[in-house]
Amino acid sequence: MKNRLRVLRTEAGWTQAELAERLGVSRQAINAVETEKHDPSLDLAFRISALFKRRVEDIFENPH
Amino acid sequence: MPTHVASARATSPGRSYAVRTVAFMSAYVLVHVAAIAGLFDSILGKPAGWAVAALAALLVAGQIWATLRLMAQSDEYVRVIVAKCFILAAGATMALWTAWGFGETYAAAPHIPGWLFYPIFWGIYALVSPFVRTSN
């Protein structure tokens, strides 16, 4: 699923590890989402949305 | 063994898994070392031999428990990756074992001890792990 997570992360000045720490997931999970190897669960998508104060649809491209 | 584990926190899932794996695998290897050293020779062919079998089985079950704990304590991505690797390795091992079993029966293939299934499974797990990167 295409997403803007890497853009938002770099704008915030965070490394993947720092973002992972803030979200309570592994750095590998962050890398997998950014490289579209993993579609986040609804829970994780909402946590990302809350952290960056953006709507889920503004971060993840709706594929449907 | 899985290397893709959650980032560090107090007793990270990866660290817990590593400690448990070292414990169960070391004990499993010790059983083999004891067997090779002849410590079980006096119970060969006797009902007491089942005690050795039960011990080995408990250690295998312990490692499976450690893997399930890793999955329970890890994030969604690591959980899926470990599960996929486990299924692929189990499937490949079962396919190989089935083929060899039929080979023993119908093609005069030499007999392989059943307990080899376990180390071969983890060997195949190590081979497939680098190629499992997506949760899809």
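Since the structure is predicted, the reported quantities are computational estimates derived from the model, not experimental observations.

**Observations regarding the confidence of the model for chain B**
Residue and element names in this part refer to chain B.
In step 1: The pLDDT averaged across chain B works out to 92; a share of 93% of its residues lies at or above 70.
In step 2: Mean pLDDT per element in chain B: helix H1 (residues 13-36) is the minimum at 95, and helix H3 (residues 76-106) is the maximum at 97.
In step 3: As scored by the predictor, the complex reaches a pTM of 0.85 and an ipTM of 0.89.

**A closer look at the packing of aromatic side chains**
Residue and element names in this part refer to chain B.
In step 1: One pass over the structure, following the stated rule, counts eleven aromatic pairs over all chains.
In step 2: Ring centres 4.9 Å apart and planes at 70 degrees place the aromatic pair Phe-121 and Trp-122 in the edge-to-face group. Residue Phe-121 shares its accessibility class with Trp-122, and that shared class is buried.
In step 3: Here Trp-122 and Tyr-125 contribute two aromatic rings whose centre-to-centre distance is 5.1 Å and whose plane-to-plane angle is 50 degrees, an arrangement assigned as tilted. Residue Trp-122 and its partner Tyr-125 are both found in helix H4 (residues 117-128); the two are separated by three residues, about one turn of the helix. For the residue pair Trp-122 and Tyr-125, the accessibility class agrees, reading buried in each case.
In step 4: Feature note: the residues Tyr-28, Phe-86, Tyr-118, Phe-121, Trp-122 and Tyr-125 constitute an aromatic cluster, connected by ring pairs.

**Quick look at the layout of surface pockets**
All names here are of chain B.
In step 1: Put simply, the largest pocket is a space of about 450 Å³.
In step 2: Around the largest pocket, the lining is made up of 16 residues, and of these Ala-35, Phe-40, Gly-49, Val-52 and Ala-53 lie nearest the centre.
In step 3: If you list the elements that add at least two residues to the lining of the largest pocket, you get H1 and helix H2 (49-73).
In step 4: The element that contributes the greatest number of residues to the lining of the largest pocket is H2, accounting for five residues.
In step 5: Residues of the lining of the largest pocket, tallied by class, amount to eleven nonpolar, three polar and two charged.

**Notes on the packing of H3 of chain B against H4 of chain B**
Residue and element names in this part refer to chain B.
In step 1: Running from amino to carboxyl end, H3 crosses H4 at an angle of 130 degrees, the nearest separation of the two axes being 8 Å. Judged by the angle between their axes, H3 and H4 are oblique. Handedness of the H3/H4 crossing: right-handed. Residue-level contacts link Val-82, Cys-85, Phe-86, Leu-88, Ala-89, Ala-90, Ala-92, Thr-93, Met-94, Leu-96 and Trp-97 of H3 to Phe-117, Ile-120, Phe-121, Trp-122, Ile-124, Tyr-125 and Val-128 of H4.
In step 2: Looking at the contact of H3 with H4 residue by residue, the classes come out as 17 nonpolar, one polar and no charged.

**Some points on the UniProt feature "domain: HTH cro/C1-type" (unreviewed entry) in chain A**
In step 1: If you check UniProt for "domain: HTH cro/C1-type" (unreviewed entry), the listed places come out as residues 5-59 of chain A in our numbering.
In step 2: With 71% helix and 0% strand, residues 5-59 of chain A has its two end C-alpha atoms placed 6 Å apart.

**With respect to helix H4 (residues 42-52) of chain A**
Given 3.6 residues per turn, any residue in an α-helix points the same way as the ones three and four places further on.
In step 1: Among all positions of H4 of chain A, only Leu-44, Ala-45, Ile-48, Ser-49 and Phe-52 of chain A are buried. Looking down the long axis of H4 of chain A, one finds its buried residues gathered within 140 degrees of arc, a one-sided arrangement. In H4 of chain A, those exposed residues whose orientation departs by more than 90 degrees from the buried face are Leu-42 and Ala-50 of chain A.
In step 2: For H4 of chain A, the elements touching its buried residues are helix H1 (5-12), helix H2 (16-23) and helix H5 (56-59) of chain A together with H3 of chain B.

**Details of the environment of Thr-15 of chain A**
In step 1: Mapped onto the elements of the fold, Thr-15 of chain A is located in the loop between H1 and H2.
In step 2: C-alpha separation for the pair Thr-15 of chain A and Arg-27 of chain A, spaced twelve residues apart in sequence, amounts to 9.1 Å.

Definitions and cut-offs
Residues numbered from 1 in each chain as written. Chains lettered and ligands numbered in written order. Predicted model: local features only at pLDDT ≥ 70, side-chain atom pairs only at ≥ 80, totals over all residues. Heavy atoms only, no water. pLDDT = per-residue confidence, 0-100. Helix = DSSP H or I, 4+ residues; strand = E, 2+ residues; numbered from the N terminus. Phe/Tyr/Trp six-rings, centres within 6.5 Å; stacked < 30°, edge-to-face > 60°. Buried < 20%, exposed > 50% of the residue type's maximum accessible area, 1.4 Å probe, protein only. 1 Å grid on protein atoms, 1.4 Å probe; cavity = no way out; pocket = protein on both sides within 12 Å on 5 of 7 lines; lining within 4 Å. Points joined across faces, edges and corners; volume = space filled by probe spheres on them. Nonpolar A, V, L, I, M, F, W, Y, C, P; charged D, E, K, R; others polar. Axes fitted to C-alpha atoms, helices over the stretch in contact; angles between N-to-C directions. Parallel < 35°, antiparallel > 145°, perpendicular 65-115°, else oblique. Left-handed = near helix turned anticlockwise from the far one by under 90°. Contact = heavy atoms within 4.5 Å. UniProt positions renumbered as here; feature names shortened; annotations may be inferred. Arc of directions from axis to C-beta.

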